[in-house]
Amino acid sequence: MPDSRQALHEEHEPEAISRRLAAPVSHSYLADAVLGAIDGCVTTLAVVAGAVGAKFPPTVAIVLGLANLLADGFSMAVSNYQSGRTREDQLQKTRREEYDHIARFPEGEVEEIRQIFVAKGFSGATLDDIVATITSDVESWVDTMLVEEHGLALEVPHPWLSALATFFAFIAVGLIPLLPFMITSLTPAQVFPASVVMSLAAFFAVGVLKGHVLNDRRLRFGLETMMAGSMAGLLAYAAGSVLRDFFGITEAG
């Protein structure tokens, strides 16, 4: 504890604060990786469970699982990339609009700054100084409007890195439910239970890792993620079983 307090104190020294604020913004891609990992495992487990529930041969589960893994992983990565590009485009579009508004209607934009800081509790000479300081520099003025009026972040994560984090986490964790089907030493009766156990362990590990990075509620995150994954697998197994009976599918001889 003393070491922690000392480290926290050192982080709040004026020089340390200056270095931290001057450094480039570092984005976390944890959310992208966690989303990809959970969705990858859920997707593959659902395919496997549905195939087993329908009593398809193990090779069908492998083929469907791998095909779905690659297609869905790519789809998620592209979607995440497009989402990131949309955030970038929205930021730039709004920035251009604010520059245009300041050029054409400066009095109105000054009044917007004033009202923003009135809402924060400033008044009198202090308010006048804040408004004058912000509006004396157009770039700072626009940045303030982007954050305070539009609720936009001035720095957004790189779309490509978000997409890659999603894709690789999706593939890496999504392969886990398929691994027992590729282990020749397992008997047919052991394959699906092993797949379920490994998948639940993967869900739990992803949740715990999320909690570890956030330094918060590791066990709870692990259990919540595992429960969500198990429910998805159960639903897929039930759907496969019901649809097998509904369509009168018979086992391949």
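To be clear, the structure that these remarks concern was listed above.
Presented here is an overview of the structure given in this document. (Residues numbered from 1 in each chain as written. Predicted model: local features only at pLDDT ≥ 70, side-chain atom pairs only at ≥ 80, totals over all residues. Heavy atoms only, no water.)

1. A short note on the packing of aromatic side chains
Stated formally: What counts as a ring pair is set by centres within 6.5 Å for rings of Phe, Tyr and Trp (its six-membered ring), and what kind of pair is set by the plane angle: stacked under 30 degrees, edge-to-face over 60, tilted for all other angles. Each residue is placed in one exposure class: buried if its accessible area under a 1.4 Å probe, protein chains only, is under 20% of its type's maximum, exposed if it is over 50%, and partly exposed if it falls in between.
Applying the stated criterion across every chain, the model contains three aromatic pairs. Between Phe-117 and Phe-122, the aromatic rings sit 6.1 Å apart at their centres with planes inclined by 55 degrees, giving tilted as the arrangement. Residue classification places Phe-117 among the buried positions, given a relative accessible area of 12%.

2. Quick look at a negative patch on the surface
Put simply, the rule is: Distance thresholds for patches are 9 Å for like charges and 5 Å for nonpolar side chains (Val, Leu, Ile, Met, Phe, Trp, Tyr), applied to residues having over 30% relative accessible area and no salt bridge. Note on areas: Shrake-Rupley, 1.4 Å probe, and residue coverage restricted to the protein chains presented here. The term salt bridge refers to a side-chain nitrogen of Lys or Arg lying within 4 Å of a carboxyl oxygen of Asp or Glu. Working convention for charge: Lys and Arg count positive, Asp and Glu count negative, and His plus the chain ends are omitted. By convention, the point assigned to a charge is CZ for Arg, NZ for Lys, CD for Glu and CG for Asp. Put simply, DSSP marks the helices as runs of H or I at least four residues long and the strands as runs of E at least two long, and each gets a number from the N terminus on.
Residues Glu-10, Glu-11, Glu-13 and Glu-15 make up a contiguous surface patch of negative charge. The residue Glu-15 is located in helix H2 (residues 14-22) in this model.

3. Considering the packing of helix H10 (residues 188-214) against helix H11 (residues 218-247)
Applicable threshold: Axis geometry follows a simple rule: fit a line to the C-alpha atoms, using only the stretch in contact for helices, then measure angles between N-to-C directions, giving values from 0 to 180 degrees. Should the near helix be turned anticlockwise from the far one by less than a right angle, the crossing is left-handed, and should it be turned clockwise, the crossing is right-handed. For this analysis, residues touch if any pair of their heavy atoms sits within 4.5 Å.
Between H10 and H11, whose axes approach to 7 Å, the crossing angle comes to 145 degrees. Taken as a pair, H10 and H11 cross one another with a handedness that is right-handed. Mapping the contact onto sequence places Phe-192, Leu-200, Phe-203, Phe-204, Gly-207, Val-208, Lys-210, Gly-211, His-212 and Leu-214 in H10 and Arg-218, Leu-219, Phe-221, Gly-222, Leu-223, Thr-225, Met-226, Gly-229, Ser-230 and Tyr-237 in H11.

4. Remarks on the pattern of salt bridges
Pairs may arise between side chains of opposite charge once their charged atoms sit close together. Under the definition given, this model contains seven salt bridges. Residue Glu-97 is joined to Lys-93 by a salt bridge in which the shortest nitrogen-to-oxygen separation is 2.7 Å. Here Glu-97 and its partner Lys-93 are both found in helix H4 (residues 58-104), four residues apart, which amounts to about one turn of the helix. Overall, the relative accessible area of 32% leaves Glu-97 in the partly exposed class.

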